[in-house]
Amino acid sequence: MSNQDLLKNTLKNRKQRMTAQRELILRIFMESNGKAMNIDDVFMEIRKKRNHRTSKMTVKRAIDLLVELNILNEVNYEDEGTKYEYIFKEKNMENIIFVCENCNKATSFSIPKEKILSLLPEDIKGFQIKNTMIKITGYCPECSKALIEDVKETIIK
Ligand SMILES: [Zn+2]
């Protein structure tokens, strides 16, 4: 199921319509090439597309829904606040998100859904799993390297 279909079906089940605005917000993220955007960024993109009638509240609600559907990923940056990014997901694949604690860069990796399910403990049986989300934090390769250099310098001095 494509993300558009997923959104459309969910809205239909909730007796809500797939509005042009909701579709536009989804498209903005799909065309963003994975760039993380906050509500203001999305709002500006909508303005650029000359849709002035959308309120920030509408944007916020649409984004919340896309997060709930696992179409968008919410990343909380220490200094930049909450941003959202589009999750490129292939069929039967799940994303693992890595967030660097130093530069806040988020990177996503996809692994087969089966692999995640095989890792789950026995006592999870009986739970109906709809979505999985794995977030790993640490240091990205660039920051790891920089940190090691820092330590080396300190030791030499
Ligand atoms: Zn980093």
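Residues numbered from 1 in each chain as written. Predicted model: local features only at pLDDT ≥ 70, side-chain atom pairs only at ≥ 80, totals over all residues. Heavy atoms only, no water.

Caption draft 1: Highlighting helix H4 (residues 56–68). With 13 residues, H4 extends 18 Å from end C-alpha to end C-alpha; this agrees with the ideal 18 Å at 1.5 Å per step. By the burial criterion, the buried members of H4 are Val59, Ala62, Ile63, Leu65 and Leu66. Summarising the axial view, the buried residues of H4 lie within an arc of 160°, below the 170-degree limit, and thus occupy one face. On its buried face, H4 sits against helix H1 (3–13), helix H2 (20–30), helix H3 (39–48), strand E1 (72–77) and strand E2 (81–86). (Helix = DSSP H or I, 4+ residues; strand = E, 2+ residues; numbered from the N terminus. Expected span 1.5 Å × (residues − 1). Buried < 20%, exposed > 50% of the residue type's maximum accessible area, 1.4 Å probe, protein only. Arc of directions from axis to C-beta. Contact = heavy atoms within 4.5 Å.)

Caption draft 2: Up close: the domain arrangement of the chain. Per the domain assignment, the segments of the chain are domain 1 (1–88) and domain 2 (90–157). Measuring from the centre of the C-alpha atoms in domain 1 to the corresponding centre in domain 2 gives 24 Å. Interface of domain 1 and domain 2: buried area, both sides summed, is about 770 Å²; carbon and sulfur atoms make up 42% of it. It is E1 that contributes the most residues to the side of domain 1 that touches domain 2, 3 residues altogether. Looking at the side of domain 1 that touches domain 2 residue by residue, the classes come out as 4 nonpolar, 2 polar and 3 charged. (Domains from an automatic or database assignment. Buried area = accessible area lost by both parts, 1.4 Å probe. Nonpolar A, V, L, I, M, F, W, Y, C, P; charged D, E, K, R; others polar.)

Caption draft 3: Region of interest: empty space enclosed by the protein. For the coordinates displayed, the defined rule picks out 1 cavity of 30 Å³ or more. In this structure, the largest cavity spans a volume of roughly 30 Å³. Every residue lining the largest cavity is listed: Asn73, Glu74, Val75, Ile97, Val99, Met133 and Lys135. Looking at the lining of the largest cavity, the elements with two or more residues in it are E1 and strand E3 (93–100). (1 Å grid on protein atoms, 1.4 Å probe; cavity = no way out; pocket = protein on both sides within 12 Å on 5 of 7 lines; lining within 4 Å. Points joined across faces, edges and corners; volume = space filled by probe spheres on them.)

Caption draft 4: Just the sheet that holds strand E4 (residues 106–112), in detail. If you walk across this open sheet you meet the 3 strands as E4-E3-E5, and the pairing is mixed. The open sheet is flanked by E4 and strand E5 (134–138), the only strands paired with a single partner. Shown here is a sheet whose adjacent strand axes are inclined to one another by a mean of 25°, direction ignored. (Pairing = 2+ DSSP bridges. Axes fitted to C-alpha atoms, helices over the stretch in contact; angles between N-to-C directions.)

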